[in-house]
Amino acid sequence: MTDVPTRRPPGTPCWVSLMAHQADLAQDFYGALFGWEFVPGPQQLGTYVLAELDGRRIAGIGEGPQEPHRPVSWTTLLAADDVDLTAELVRECGGTVGIGPLNANDEGRLAIAVDPSGAVFGIWQGQLLSGTEATGGPGTLVWSELVTRDSSLVGKFYQAVFGFGSGGAPGERTDGDEADTLADRILLQVDGRPVAGVHGVGQRLPRDRGAHWMSYFGVADADEAARRVTELGGRLLDPPHDTVHGRLATVADPEGAAFSVVTAGT
């Protein structure tokens, strides 16, 4: 597990947040799966806690509106030096801003937006909380990727809003799956360093979720983590398989929030 520098360059995925139907049940699930402990979060966000691992902040879990058919999902937040200016750029480039910008105590300033493909993402201007305080090891966020129908148009949106560079990315599977090997994939880069991906899956885009940001959490063993998810009441969406980034599986928590687990170093 690696400590993360305080300041995040604009566009870097810096935080991930879950708005559950029942936050206490979500805490039980993720606490058991990743070993997270929880402390109170900013009061402006309502019922919201910060997940910690070894005393370092990793993610947030809140409780959204009590609407029985509201889908539950993880939201990726991208760093910004000025959330108000970035929100204006989102609008100018064809996206929408649904929440904020608003202050979250002294922790930072927040907006929730939707890109032109319909994927929800957050914008975070960190103050006391610059973002996740550790990454790369079990129980931490190790990668973020936008899953969409076509990477080209929406990739240009993020490049325009956040100033990303871009480059090609290798296919995901290493088991001979030609469709994935030749997948439509680009890397979003900050200062020449890949920070996130955009994966165009065409007609394979899940109808129940549409375009969405996928969060990848590190685990010691992807096969064991996938088994543990089902024991805790979650579901297996894509079984463990080998990729160029390591062995991973895609799963969902008991309320249906999808995420991936990937074998990561300690």
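The model shown is predicted, which means the values in this text are computed figures rather than measured ones.

### A word on the side chain of Asp 253
No. 1: Summarising the element assignment, Asp 253 is placed in the loop between strand S17 (246-252) and strand S18 (258-263).
No. 2: For the buried Asp 253, which has no salt bridge, the nearest side chain bearing the opposite charge is Arg 235, at an N-O separation of 7.7 Å.
No. 3: Polar contacts involving the side chain of Asp 253 include one to the side chain of Tyr 30, which spans 2.7 Å.
No. 4: Excluding residues that lie within four positions of it along the chain, Asp 253 makes contacts with Leu 18, Phe 29, Tyr 30, Gly 234 and Phe 259.

### With respect to the pairing of strand S11 (residues 141-148)
No. 1: The buried fraction of S11 is high, at six of eight residues.
No. 2: Where S11 and strand S14 (residues 193-200) come together, four bridges link them in parallel fashion. Bridge pairing in S14 places Thr 148 opposite Gly 200.

### Remarks on the pairing of strand S4 (residues 48-53)
No. 1: Where burial is concerned, most of S4 is hidden: six out of the six residues are buried.
No. 2: When strand S3 (residues 37-40) meets S4, the two strands line up antiparallel, connected through four bridges. Across the sheet, residue Phe 38 finds its bridge partner in S4, namely Ala 51.
No. 3: Two successive antiparallel strands, S4 and strand S5 (residues 56-63), enclose a turn made up of two residues, where Asp 54 displays a positive phi of approximately 55°.

### Digging into the packing of aromatic side chains
No. 1: Evaluation of the coordinates by the stated rule reveals 20 aromatic pairs.
No. 2: Summarising the aromatic geometry, the rings of Phe 34 and Phe 217 are spaced 5.2 Å apart at their centres and angled 45° between planes, so their arrangement reads as tilted. Of this pair, Phe 34 sits in helix H1 (residues 23-34) while Phe 217 sits in strand S15 (residues 212-219), and the two are 183 residues apart along the sequence. Each member of the pair, Phe 34 as well as Phe 217, is classed as buried.
No. 3: Measuring from centroid to centroid gives 5.0 Å for Phe 157 and Tyr 158, while their planes differ by 85°, and the two rings are edge-to-face.
No. 4: Of the residues examined, Phe 157 reaches a relative accessible area of 4% and is grouped as buried.
No. 5: Assessed through its relative accessible area of 0%, Tyr 158 is described here as buried.

Analysis parameters
Residues numbered from 1 in each chain as written. Predicted model: local features only at pLDDT ≥ 70, side-chain atom pairs only at ≥ 80, totals over all residues. Heavy atoms only, no water. Helix = DSSP H or I, 4+ residues; strand = E, 2+ residues; numbered from the N terminus. Buried < 20%, exposed > 50% of the residue type's maximum accessible area, 1.4 Å probe, protein only. Lys, Arg positive; Asp, Glu negative; His and termini not counted. Salt bridge = Lys/Arg side-chain N within 4 Å of Asp/Glu carboxyl O. Polar contact = N/O pair within 3.5 Å; in protein donor to acceptor, adjacent residues only side chain to side chain. Contact = heavy atoms within 4.5 Å. Pairing = 2+ DSSP bridges. Phe/Tyr/Trp six-rings, centres within 6.5 Å; stacked < 30°, edge-to-face > 60°.

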